[in-house]
Amino acid sequence: MIRVYRSGCTTCEPSTADPADWTLPPDALWIDLVAPTREEDAAVEKALGLSIPTREEMAELEASSRVYRENGATYATADIITHGDAALPGIEPVTFVLTDGPLVTIRYTDPRPFSMLTEKLGREPALCTSGPEMFLNLMEVVIDRASDILSKNATRVEGIASHVFSGGKTVGFAKLITKLGQAQMATARIEQSLAGLLRIFAFIGIDERTHTDDARAHLHSLGRDADSLIAHNQSVAASINFQLSAALGLINIEQSSIIKIFSVAAVAFLPPTLIASIYGMNFRHMPELSQAWGYPAAVAAMVVSALLPLAWFKRKGWL
């Protein structure tokens, strides 16, 4: 689908024209290609005189495939976080193309920042008057959205910590460890997205279209925001690693306590078992068998032999 934001409009309107007949509006500020077909790609390529990367090309990780210049246009591909409200957010590549005319975006998903910018433009139609301004404002909402996702992930991790260090039993820790794993994957994806944005800001900074004082200041501010979010995200990742180690340590401590109880019980009942085994033998000449005090004496010996090891363990501080 081809969506076009035109100067003076309050929304990004989808094009209803046949791709073969599509023409570029002269007042277009933003062309948003959402899961475009090959025909739609060709229509935009013909109108702007530039190439549109395919989905496979957008997914490449090489730096030369992510930020480059071609035919006077600047291409930048960033990994944008999707489904940010979920416990495990997704991440999808989005390509931004800065031209002498409108900004072009190519995406195959619907990240929240795009609708956030559209809503913002609906309230302030004069906010963006050129393609570079549109790009910078879009980057701003991308950073804002990443900050919101990071905040939610940090809150989720803090809630897990209250359970891990509550001092209770480790029952249910398997679910907590699963949640910690999801939070760790979320932090990895957040950092991947922010690191890619920093690389884009550095590359766009040398584009002549952003050489105005306002654009440079805006880019510098976005870079500082991304840096601070990366630092915060790393602290959240460190907290996750600490909680994971603590959870596993508490599980090991509890399991060791259980094993200790079984070991003490085994040692305590070993002497009584030996005495019971002796008097369970069927030899003819066992004088205690014919005595009235034989049974009580055997029981007393078993009790004493069980209590003595327990008293010894208690004295040594092993219990």
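Rules behind the numbers
Residues numbered from 1 in each chain as written. Predicted model: local features only at pLDDT ≥ 70, side-chain atom pairs only at ≥ 80, totals over all residues. Heavy atoms only, no water. Axes fitted to C-alpha atoms, helices over the stretch in contact; angles between N-to-C directions. Helix = DSSP H or I, 4+ residues; strand = E, 2+ residues; numbered from the N terminus. Parallel < 35°, antiparallel > 145°, perpendicular 65-115°, else oblique. Left-handed = near helix turned anticlockwise from the far one by under 90°. Patch = residues over 30% accessible without salt bridge, like charges linked within 9 Å, V, L, I, M, F, W, Y side chains within 5 Å. Areas by Shrake-Rupley, 256 points an atom, 1.4 Å probe, with all protein chains shown as cover. Salt bridge = Lys/Arg side-chain N within 4 Å of Asp/Glu carboxyl O. Buried < 20%, exposed > 50% of the residue type's maximum accessible area, 1.4 Å probe, protein only. Contact = heavy atoms within 4.5 Å. Polar contact = N/O pair within 3.5 Å; in protein donor to acceptor, adjacent residues only side chain to side chain. Phe/Tyr/Trp six-rings, centres within 6.5 Å; stacked < 30°, edge-to-face > 60°.

Side note on the packing of helix α5 (residues 131-164) against helix α7 (residues 213-278)
Working step 1: Following both chains from N to C, one finds α5 and α7 inclined at 20°, their axes separated by 10 Å at the closest point. By the angle between their axes, α5 is roughly parallel relative to α7. At the point where α5 passes α7, the crossing takes the left-handed sense.

Concerning a nonpolar patch on the surface
Working step 1: On the surface, L274, I278, Y279, M281, F283 and L289 cluster together into a nonpolar patch covering about 580 Å² of accessible area.
Working step 2: Following the sequence through the fold, L289 ends up in the loop between α7 and α8 (294-316).
Working step 3: Its relative accessible area of 52% is what places L289 among the exposed residues.

Overview of the environment of W30
Working step 1: Here W30 shows up in strand β3 (residues 28-34).
Working step 2: Judged by relative accessible area, which is 0%, W30 ranks as buried.
Working step 3: Along the primary structure W30 and T105 are separated by 75 residues, whereas in three dimensions their C-alpha atoms are 7.8 Å apart.
Working step 4: Excluding residues within four positions of it along the chain, W30 makes contact with R3, V4, Y5, C12, P102, L103, T105, F114, L117, T118 and M134.
Working step 5: Among the polar contacts made by the side chain of W30, one reaches the side chain of T105 at a distance of 3.0 Å.

Topic: the packing of aromatic side chains
Working step 1: Under the defined criterion, the tally for this structure stands at four aromatic pairs.
Working step 2: A centroid spacing of 4.7 Å and a plane angle of 5° characterise the contact between Y68 and Y75, whose relative ring orientation is stacked.
Working step 3: Given a relative accessible area of 22%, Y68 falls into the partly exposed group.
Working step 4: On the basis of relative accessible area, Y75 is assigned to the buried category, the value being 0%.

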